[in-house]
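Remarks on the overall topology
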Amino acid sequence: MPSIKIFVGTMYGGALDVAEQVAPLFEQVGYEVSIIEQPTLDDLDPLPDLALFCVSTTGSGDFPGNFVPFARDLRESPPALNQCRYGLIALGDSSYGETFCGAGRALDALLEDLGAQRLGERLEIDAMETFMADDAAIPWVESWIDEQGLQAT
Ligand SMILES: Cc1cc2nc3c(=O)[nH]c(=O)nc-3n(C[C@H](O)[C@H](O)[C@H](O)COP(=O)(O)O)c2cc1C
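Keep in mind the model is a prediction, meaning the values are calculated, not measured. Per-chain numbering applies: the sequence of each chain, read as written, is numbered from 1 onward. In keeping with the model being predicted, local features are shown solely for residues with a pLDDT of at least 70 and side-chain atom pairs are shown and tallied solely at 80 or more, while totals for entire chains, interfaces and linings include all residues.

**Digging into the UniProt feature "domain: Flavodoxin-like" (unreviewed entry) in the chain**
Which entries qualify depends on this criterion: UniProt positions are given in the numbering used here, feature names are shortened, and annotations may be inferred rather than shown by experiment. Each helix is a run of DSSP H or I of at least 4 residues and each strand a run of E of at least 2, with the numbering of both proceeding from the N terminus.
Here the UniProt feature "domain: Flavodoxin-like" (unreviewed entry) sits at residues 4-145. End-to-end, the C-alpha atoms of residues 4-145 are 12 Å apart, and along that stretch the chain is 35% helix and 23% strand.

See below:
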């Protein structure tokens, strides 16, 4: 059974809620899903078949507290991620201006630097426009699954 790990970075639970809501969509196409609430580099070894990052932004473009050690270790002890294929859902609020989805964008750049390959475009969910993040995330994941040709087994 192929595997997907959903890495969560959250302050108030919105990104975790997104992870929990989209997990069944992957299960329906035959993936074994793990939701990682306290990510560490060990969660990338061995690499899952797919990774999905659901990460909100706090402070002024900063990573949520539970995600800080993981992001720091990615920078300081960079693993080779050439075989890593991932999707990225960033949660933010455009009223924060230039730091909108800053953590998700920084993570995306970091993963690209480490050789990982993003599948599809990054989804950015703006709390100013979308009251329930799931309303944006579920259709995006459905399309993502279709585009990547993930098939029911
Ligand atoms: C103290 C604080 C700081 C925030 N800073 C930013 C920011 O710099 N950029 C941004 O896009 N959103 C920012 N946000 C908005 C959150 O990212 C947004 O509300 C998100 O949906 C929260 O997701 P979570 O429930 O997973 O933590 C901030 C929210 C709070 C409460």
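Read on, since the account is not over.
**Some thoughts on the environment of Gly 92**
Stated precisely, the cut-off is as follows: With C-beta atoms placed from the backbone, a residue is labelled by how many other C-beta atoms lie within 10 Å of its own: buried for 20 or more, exposed for 12 or fewer, partly exposed between the two. We call two residues in contact if the C-beta atoms placed from their backbones are at most 7 Å apart.
Residue position: Gly 92 is located in strand β4 (residues 85-92). A tally of 23 C-beta atoms within 10 Å means that Gly 92 is categorised as buried. Through-space distance from the C-alpha of Gly 92 to that of Ala 15 is 10.0 Å; in sequence the pair is 77 residues apart. Leave out the neighbours within four places in its chain, and Gly 92 touches Ser 56, Thr 57, Phe 100, Cys 101, Gly 104, Glu 124, Asp 126 and Ala 127.

**A word on the site of the ligand**
Put simply, the rule is: Being near a molecule or strand means, for a residue, that its C-beta atom, positioned from the backbone, comes within 6 Å of it.
Every one of the 22 residues lining the ligand counts as a neighbour, but Thr 10, Tyr 12, Gly 14, Ser 56 and Gly 92 are closest to it. Listing elements by their share of the shell around the ligand, those giving two or more residues are α1 (14-28) and β4.

**Considering the nonpolar core**
Defined as follows: For the purposes of this analysis, a nonpolar core is taken to be any set of buried Ala, Val, Leu, Ile, Met, Phe, Trp, Tyr and Cys residues that are connected through C-beta atoms within 7 Å.
Residues Phe 53, Cys 54 and Ile 89 are the most contacted members of the largest nonpolar core, which totals 37 residues. Put simply, the parts of the chain that give this core at least two residues each are β1 (3-9), α1, β3 (50-56), α2 (68-76), β4, α3 (102-113), β6 (123-126) and α4 (133-147). If one sorts the elements of this core by residue count, β3 sits on top with six residues. Apart from residues lying up to four places away in sequence, Phe 53 is in contact with Phe 7, Tyr 86, Leu 88, Ile 89 and Leu 107.

**As for α3**
Stated precisely, the cut-off is as follows: For a helix, the expected span equals 1.5 Å multiplied by the number of residues minus one. Each C-beta atom gives one direction from the helix axis, and the arc is the one those directions make.
Here α3 contains 12 residues, and its C-alpha end-to-end distance of 16 Å stays within 8% of the 16 Å for a straight helix at 1.5 Å per residue. Residues of α3 that are buried: Ala 103, Gly 104 and Leu 107. One side of α3 carries all its buried residues, which in axial view fall inside an arc of 95°. Away from its buried face, by an angle of more than 90 degrees, α3 presents the exposed residues Ala 109 and Asp 113. The secondary structure elements touched by the buried residues of α3 are β1, β3, α2, β4 and β6.

**A few points about the packing of α1 against α4**
Basically, it comes down to this: Axis lines are fitted to C-alpha atoms, over the contacting stretch for helices. Their N-to-C directions set the angle, which ranges from 0 to 180 degrees. Roughly parallel means an angle under 35 degrees; roughly antiparallel means over 145; roughly perpendicular covers 65 to 115; every other angle is labelled oblique. Working rule for handedness: look at the near helix, and if it is turned counterclockwise from the far one by less than a right angle, call the crossing left-handed; if clockwise, right-handed. Each residue is assigned to one class: nonpolar for Ala, Val, Leu, Ile, Met, Phe, Trp, Tyr, Cys and Pro, charged for Asp, Glu, Lys and Arg, and polar for all the others, Gly among them.
Axis separation between α1 and α4 bottoms out at 9 Å; the angle between their running directions is 40°. As far as their axial angle goes, α4 and α1 are oblique. Our pair here, α1 against α4, has a crossing hand that is right-handed. From α1, Gly 14, Asp 17, Val 18, Gln 21, Val 22 and Leu 25 reach across to α4, where they touch Ala 133, Asp 134, Ala 137, Ile 138, Val 141, Glu 142 and Ile 145. The residue makeup of the contact of α1 with α4, split by class, is eight nonpolar, two polar and three charged.

**What to know about α4**
Under the 1.5 Å per step criterion, the end-to-end length of α4 is 21 Å for 15 residues, consistent within 8% with the ideal 21 Å. Taken residue by residue, α4 has Ala 133, Ala 137, Val 141 and Trp 144 as its buried positions. Viewed end-on, α4 has its buried residues packed into an arc of 65°, placing them on one side of the element. The outward face of α4, more than 90 degrees from its buried face, is lined by the exposed residues Asp 135, Pro 139, Ser 143 and Asp 146. Packing partners of the buried residues in α4 comprise α1, β4 and β6. The first or second residue beyond α4 is Gly 149, which carries a positive phi of 70°.

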